[in-house]
Amino acid sequence: EADIYQTPRYLVIGTGKKITLECSQTMGHDKMYWYQQDPGMELHLIHYSYGVNSTEKGDLSSESTVSRIRTEHFPLTLESARPSHTSQYLCASSEAHQETQYFGPGTRLLVL
Amino acid sequence: KQEVTQIPAALSVPEGENLVLNCSFTDSAIYNLQWFRQDPGKGLTSLLLIQSSQREQTSGRLNASLDKSSGRSTLYIAASQPGDSATYLCAVSLLSGGSYIPTFGRGTSLIVHP
């Protein structure tokens, strides 16, 4: 089983609040990803990183930001949460040369 | 833009049946294809990864095949069990702007009843 963690698992928050979703992995993987998934829908890549100090935007336009200061840590921040941000957020990591992705358990976000 | 389609969207079968789940993609210049399992309210678990140069991969009762030229992959589940009930997702990675970007299908929701 992959060692990748996400906190919190569930979050209910009011509009306008700043939130940070945490993602950590202990496998030493260089690549990390953030996906957004609505019920019954496909995963959409919103951010990814190929290593420390590397961050890129994915296919889905997102108002969130990410940082990669340490290999094991890839937090995602929403400066001002809105109801449209309500979704499940999944973090993943992979070794650069193998590409098999390992996923965390996800964070379910509800913005009121 | 790569599009990934999974058929059927949902499937309900009795225990013991052999199953085939389908995944098709529009751009055949893929780097690899991965099959995942997702249980309700949880993250994804990788089942099989097929590199673009490979034709199939096997793990236990699971066999995944890849036909790049036709843009298709199938996941074969032998002797299905109730514990196989989950959503199965297919993802293809394509080189885009110097990075390998995965694109996911919507999944096939499988129920195996006793």
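It should be noted that the structure appears before, not after, this text.
Residues numbered from 1 in each chain as written. Chains lettered and ligands numbered in written order. Predicted model: local features only at pLDDT ≥ 70, side-chain atom pairs only at ≥ 80, totals over all residues. Heavy atoms only, no water.

### Describing the packing of aromatic side chains
Link 1 in the chain: Scanning the model with the defined rule gives 7 aromatic pairs over all chains in all.
Link 2 in the chain: Residues Phe103 of chain A and Phe36 of chain B carry aromatic rings whose centres are separated by 5.4 Å and whose planes lie at 85° to one another, so their mutual orientation is edge-to-face. With Phe103 of chain A in strand E10 (residues 102-103) and Phe36 of chain B in strand E4 (residues 30-38), this pair bridges two chains. Grouping residues by exposure puts Phe103 of chain A and Phe36 of chain B together as buried.
Link 3 in the chain: Residue Phe36 of chain B is classed as buried on the basis of its relative accessible area, which comes to 1%.
Link 4 in the chain: Every member of this aromatic cluster is reached through a ring pair, and the members are Tyr33, Tyr35 and Phe103 of chain A together with Phe36 and Phe104 of chain B.
Link 5 in the chain: Its end group placed over the ring of Tyr50 of chain A, Lys31 of chain A keeps NZ or CZ at 4.5 Å from the ring centre. (Phe/Tyr/Trp six-rings, centres within 6.5 Å; stacked < 30°, edge-to-face > 60°. Helix = DSSP H or I, 4+ residues; strand = E, 2+ residues; numbered from the N terminus. Buried < 20%, exposed > 50% of the residue type's maximum accessible area, 1.4 Å probe, protein only. Lys NZ or Arg CZ within 6 Å of the ring centre and 35° of its normal.)

### A word on the interface of chain B and chain A
Link 1 in the chain: Every contact between the two is made by 20 residues of chain B and, on the other side, 23 residues of chain A.
Link 2 in the chain: With both chains or domains summed, chain B and chain A bury close to 1,800 Å², and 51% of this area falls on carbon and sulfur atoms.
Link 3 in the chain: Our enumeration of links across chain B and chain A arrives at 1 salt bridge.
Link 4 in the chain: A salt bridge links Arg106 of chain B to Glu42 of chain A; the nearest nitrogen and oxygen atoms lie 3.0 Å apart.
Link 5 in the chain: Connecting chain B to chain A are 3 residue pairs in polar contact (both at pLDDT 80 or more).
Link 6 in the chain: Residue assignment for the side of chain B that touches chain A shows that the elements contributing at least two residues are E4, strand E5 (44-51) and strand E10 (99-104) of chain B. (Contact = heavy atoms within 4.5 Å. Buried area = accessible area lost by both parts, 1.4 Å probe. Salt bridge = Lys/Arg side-chain N within 4 Å of Asp/Glu carboxyl O. Polar contact = N/O pair within 3.5 Å; in protein donor to acceptor, adjacent residues only side chain to side chain.)

### Examining the side chain of Ser93 of chain B
Link 1 in the chain: Tracing the sequence through the fold places Ser93 of chain B in strand E9 (residues 86-96).
Link 2 in the chain: Residues contacting Ser93 of chain B, with those up to four places away along its chain left out, are Ile30, Tyr31, Asn32, Ile101 and Pro102 of chain B.

### Observations regarding the sheet that holds strand E3 (residues 19-25) of chain A
Link 1 in the chain: With antiparallel pairing, 4 strands are arranged side by side in an open sheet as E1-E3-E8-E7 (chain A). Edge positions in the sheet fall to strand E1 (4-7) and strand E7 (65-66) of chain A, since each has one partner strand and no second. (Pairing = 2+ DSSP bridges.)

### Let's talk about the sheet that holds strand E6 (residues 56-59) of chain B
Residues and elements named next belong to chain B.
Link 1 in the chain: Ordered by their spatial adjacency, 5 strands build an open sheet running E1-E3-E8-E7-E6, and the pairing between neighbours is antiparallel. Where the open sheet ends on each side, the last strands, each with one partner, are strand E1 (4-7) and E6. Looking at each pair of strands side by side, their axes are set apart by 15° on average, direction ignored. (Axes fitted to C-alpha atoms, helices over the stretch in contact; angles between N-to-C directions.)

### Things to note about the pairing of E3 of chain A
Residue and element names in this part refer to chain A.
Link 1 in the chain: Here E3 shows a clear split, with Ile19, Leu21, Cys23 and Gln25 buried on one side and none of Thr20, Glu22 and Ser24 buried on the other.
Link 2 in the chain: Pairing of E1 with E3 involves 4 bridges; the strand directions are antiparallel. Across the sheet, residue Ile4 finds its bridge partner in E3, namely Gln25.
Link 3 in the chain: Where E3 lies against strand E8 (residues 76-78), 3 bridges are found, and the strand directions are antiparallel. Pairing of Ile19 across the sheet is with Leu78, part of E8.

### As for the pattern of salt bridges
All names here are of chain A.
Link 1 in the chain: In the structure shown here, the tally under the stated rule is 6 salt bridges over all chains.
Link 2 in the chain: Note that Arg70 and Glu72 form a salt bridge whose closest N and O atoms lie 3.0 Å from each other.
Link 3 in the chain: When its relative accessible area of 44% is taken as the criterion, Arg70 is described as partly exposed.

### Topic: the environment of Ser109 of chain B
Residue and element names in this part refer to chain B.
Link 1 in the chain: Examined against the element boundaries, Ser109 turns out to sit in strand E11 (residues 108-113).
Link 2 in the chain: In this structure Ser109 comes out as partly exposed when scored by relative accessible area, which is 31%.
Link 3 in the chain: Remark: the alpha-carbon pair of Ser109 and Pro8, spanning 101 residues in sequence, is separated by 8.2 Å.
Link 4 in the chain: With residues near it in sequence (within four places) discarded, Ser109 still touches Ala9, Ala10, Leu11, Ala86 and Thr87.

Geometry only, nothing functional implied.
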